[in-house]
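Here's the letter readout for the chains.
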Amino acid sequence: MALIVQKYGGTSVGNPERIKNVAKRVAKFHAQGHQVVVVVSAMSGETNKLIALAKEVQANPDPRELDQICSTGEQVTIGLLSMALMDIGVPARSYTGGQVKVLTDSTFTKARILSIDEANMRRDLEAGKVVVVAGFQGVDADGNITTLGRGGSDTSGVALAAALKADECQIYTDVDGVYTTDPRVVPEAKKLDTITFEEMLEMASLGSKVLQIRSVEFAGKYKVKLRVLSSFQDEGEGTLITVEEDKNMEQPIISGIAFNRDEAKLTMLGVPDTPGIAYQILGAIADANIDVDMIIQNVGHDGTTDFSFTVNRGDFAKAQGILETVKAKLGGREITGDNKICKVSAVGVGMRSHPGVASKMFKALADEGINIQMISTSEIKISVVLDEKYLELAVRVLHRTFGLDQ
Ligand code: ADP
Ligand code: ASP
Ligand code: MG
């Protein structure tokens, strides 16, 4: 008998029929004698709808109230799934994040989990019930409802698995595992049987939204056995996220291609080339709680230099406004921006022992006439910033170049 945490994403609970199917799957595990905690997302599209609704009333929604609104999507699905389970004879009980309680900090819309109280869940599990928990949400020390950022139900699932010391955390979604790249963009993409935490962390942080990055961080930190599976298929082992590289296998150089459309670039031209420039520009951006990704400072000439960086597209306008203020203070010639860029990355631990990956990547892009605007590398990834119109082409070409189609 095992304790299993299963998380079902939005598409998997997208309508009553699908919720009933989830109930059947859960019932199967329950009948085998396992203790099951189920974490669910809102029905697909629901969170987007709630955000849009909020924005109709307040263009820049108050974060606390937005979380109050957005958390309702998951409150619906926990109730529905519990009813579906009871209907087929499985005792079940639903919990909101606050009822569990999943304690978070007070950073509304992107709160971090601080602790999880397992007492209620344990009591129900021991009484033979299935516990159904709302993903994506928690409660802060003052009792305010918080949410964990888009895609945050993955993190709820893994965090609950860590707290309960579950034997396995299963993430059920609309694909049957983690692929070499998003199968929606490259139909030839191949499912991976295993991927290391390190690689999964890079893939997630570079835009592969199959798992929210924080869920992978949690799983790595608390050694949660994590698996991604299809909620629409009964067969298959999905993808296991592993701690160790498989030493018996010849490690592929590149394991996957990740991409992110959600990027924007800003450049401040002709700023004085003096100590403290990077700090003054990026300090102001950080003070506004905007995450900066890639940064380039050009070689200076005539006492001035150009300074570029990328931010999340949603922060583009805000960052532009801040730069105008900084420019007025520091002196600078011009601010330019582009919010039609994307980032494409090749990820693989095999890169460590194989030089020449970057040049292979740059050549493949050059052969297609794709201009690279920015580059950043680490031990196990190479990322390039490109015009958004090249995204699909670049992903396909790199997928082929690194032999991932085979
Ligand atoms: P859920 O609602 O179940 O959380 P998501 O839409 O958040 O599902 O994540 C699943 C989607 O992630 C897939 O439909 C797929 O299009 C996308 N995806 C992106 N990169 C990958 C990848 N490398 N492997 C598998 N799926 C990926
Ligand atoms: N419903 C939330 C979202 O759409 C959380 C999740 O699905 O993981 O972002
Ligand atoms: Mg998701």
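Residues numbered from 1 in each chain as written. Chains lettered and ligands numbered in written order. Predicted model: local features only at pLDDT ≥ 70, side-chain atom pairs only at ≥ 80, totals over all residues. Heavy atoms only, no water.

## A few points about the overall build of the protein chain
Here is step 1: Scanning the protein chain from N- to C-terminus turns up 13 helices and 18 strands.
Here is step 2: For 406 residues, the compact-globule estimate of 2.2 N^0.38 gives 22 Å, and the protein chain sits close to it at 23 Å.
Here is step 3: Overall size of the protein chain, expressed as C-alpha extent along the three principal axes, is 75 × 50 × 30 Å.
Here is step 4: Relative to its full complement of 406 residues, the protein chain shows a buried share of 50%.
Here is step 5: In the protein chain, 75% of the contacts between residues at least 6 apart in sequence involve partners at least 24 apart.
Here is step 6: With an accessible surface of roughly 18800 Å², the protein chain has 50% of that area assigned to carbon and sulfur atoms.
Here is step 7: Computing the positive centroid from 44 side-chain charges and the negative centroid from 53, the protein chain places the two 2 Å apart. (Helix = DSSP H or I, 4+ residues; strand = E, 2+ residues; numbered from the N terminus. Rg over C-alpha atoms; globule rule 2.2 N^0.38 Å. Buried < 20%, exposed > 50% of the residue type's maximum accessible area, 1.4 Å probe, protein only. Contact = heavy atoms within 4.5 Å. Areas by Shrake-Rupley, 256 points an atom, 1.4 Å probe, with all protein chains shown as cover. Lys, Arg positive; Asp, Glu negative; His and termini not counted. Charge placed at Lys NZ, Arg CZ, Asp CG, Glu CD.)

## Re the packing of aromatic side chains
Here is step 1: The tally for this structure, following the rule as stated, stands at 3 aromatic pairs.
Here is step 2: Pairing Tyr8 with Tyr172 gives two aromatic rings, centres 4.8 Å apart and planes at 10°, and the pair type is stacked. A residue pair is termed long-range when its members are at least 10 positions apart, and Tyr8 in strand E1 (residues 3-8) and Tyr172 in strand E9 (residues 168-173) qualify at 164 residues. (Phe/Tyr/Trp six-rings, centres within 6.5 Å; stacked < 30°, edge-to-face > 60°.)

## Focus: the sheet that holds strand E17 (residues 374-378)
Here is step 1: The 6 strands lie next to each other as E14-E15-E13-E16-E18-E17, forming an open sheet whose pairing is antiparallel. One side of each edge strand has no neighbouring strand; the edge strands of this open sheet are strand E14 (292-297) and E17. On average, adjacent strands in this sheet sit at an angle of 25° to one another, irrespective of strand direction.
Here is step 2: As judged from the 11 bridges shared by strand E13 (residues 256-272) and strand E16 (residues 334-347), these two strands associate in the antiparallel manner. From the neighbouring strand, Asn260 faces E16, where its bridge partner is Lys343. (Pairing = 2+ DSSP bridges. Axes fitted to C-alpha atoms, helices over the stretch in contact; angles between N-to-C directions.)

## Section: helix H4 (residues 72-87)
Here is step 1: In this model H4 runs 23 Å from its N-terminal to its C-terminal C-alpha over 16 residues, within 8% of the 22 Å that 1.5 Å per residue would give.
Here is step 2: Among the residues of H4, those classed as buried are Gly73, Glu74, Thr77, Ile78, Leu81, Ser82, Ala84 and Leu85. An end-on view of H4 places all buried positions within 160° of arc, on one side of the element. For H4, the exposed residues lying more than 90 degrees away from the buried face are Met83 and Asp87.
Here is step 3: Residue Gly89 follows H4 closely and has a positive phi angle near 85°. (Expected span 1.5 Å × (residues − 1). Arc of directions from axis to C-beta.)

## Description of the site of ligand 2
Here is step 1: Close contacts around ligand 2 come from Ser41, Ala42, Thr47, Glu74, Phe136, Arg150, Gly151, Gly152 and Ser153, and that covers them all.
Here is step 2: Ser41 is positioned with one of its side-chain polar atoms (N or O) 3.1 Å from an oxygen atom of ligand 2.
Here is step 3: A distance of 2.9 Å separates an oxygen atom of ligand 2 from a polar atom in the backbone of Gly151.
Here is step 4: Coverage of ligand 2 by the protein chains reaches 86% of its 260 Å² of free accessible surface.
Here is step 5: A per-class count over the shell around ligand 2 returns 2 nonpolar, 5 polar and 2 charged. (Near = heavy atom within 4 Å. Polar contact = N/O pair within 3.5 Å; in protein donor to acceptor, adjacent residues only side chain to side chain. Nonpolar A, V, L, I, M, F, W, Y, C, P; charged D, E, K, R; others polar.)

## Comments concerning the site of ligand 1
Here is step 1: Residues in close proximity to ligand 1 total 17 residues, the closest being Thr173, Asp174, Tyr179, Asp182 and Arg184.
Here is step 2: Contact between ligand 1 and Asp174: an oxygen atom at 2.8 Å from a side-chain N or O atom of the residue.
Here is step 3: Its free accessible area being 570 Å², ligand 1 has 90% of it covered by the protein chains.
Here is step 4: Across the shell around ligand 1, the residue classes break down as 6 nonpolar, 6 polar and 5 charged.

## Some words on the pairing of strand E2 (residues 35-40)
Here is step 1: Of all 6 residues in E2, 6 are buried; the element is thus mostly enclosed.
Here is step 2: Burial along E2 is two-sided: Gln35, Val37 and Val39 and Val36, Val38 and Val40, pointing in opposite directions, are all buried.
Here is step 3: Of the strand pairs in this sheet, E1 and E2 are connected by 6 bridges, and their pairing is parallel. Bridging from a neighbouring strand, Leu3 pairs with Gln35 of E2.
Here is step 4: In this region the chain leaves E1, passes through helix H1 (residues 16-31) and returns to the parallel neighbour E2; the handedness of that crossover is right-handed.
Here is step 5: Where E2 and strand E6 (residues 130-134) come together, 4 bridges link them in parallel fashion. Bridge pairing links Val38 to Val132 in E6. (Right-handed = clockwise from strand over helix to strand, strands pointing away.)

## Focus on the environment of Asp117
Here is step 1: Within the fold, Asp117 resides in the loop between strand E5 (113-116) and helix H6 (119-126).
Here is step 2: Each C-alpha atom, one on Asp117 and one on Gln99, is 9.4 Å from the other, the two residues being 18 residues apart in sequence.
Here is step 3: Not counting residues up to four positions away in its chain, the partners in contact with Asp117 are Val100 and Lys101.
Here is step 4: Within the structure, Asp117 has its side chain in polar contact with the backbone nitrogen of Ala119 (distance 3.0 Å).

## A look at the sheet that holds E2
Here is step 1: Taking strand neighbours across the sheet as the criterion, the 8 strands line up as E3-E6-E2-E1-E9-E11-E12-E10 in an open arrangement whose pairing is mixed. The strands lining the two open edges of the sheet, one partner per strand, are strand E3 (92-95) and strand E10 (194-196). Averaged over all adjacent pairs, the angle separating strand axes in this sheet is 20°, with direction ignored.
Here is step 2: Where E9 meets strand E11 (residues 226-230), 5 bridges bridge the pair, whose relative direction is parallel. In the sheet register, Cys169 faces E11, and the bridge partner there is Leu226.

## A look at the environment of Leu50
Here is step 1: Of note, Leu50 is situated in helix H2 (residues 46-57).
Here is step 2: Looking at Leu50, the relative accessible area reads 10%, which means it is buried.
Here is step 3: Ignoring anything within four residues of it in the chain, the contact list for Leu50 reads Ile69, Cys70, Thr72 and Gly73.

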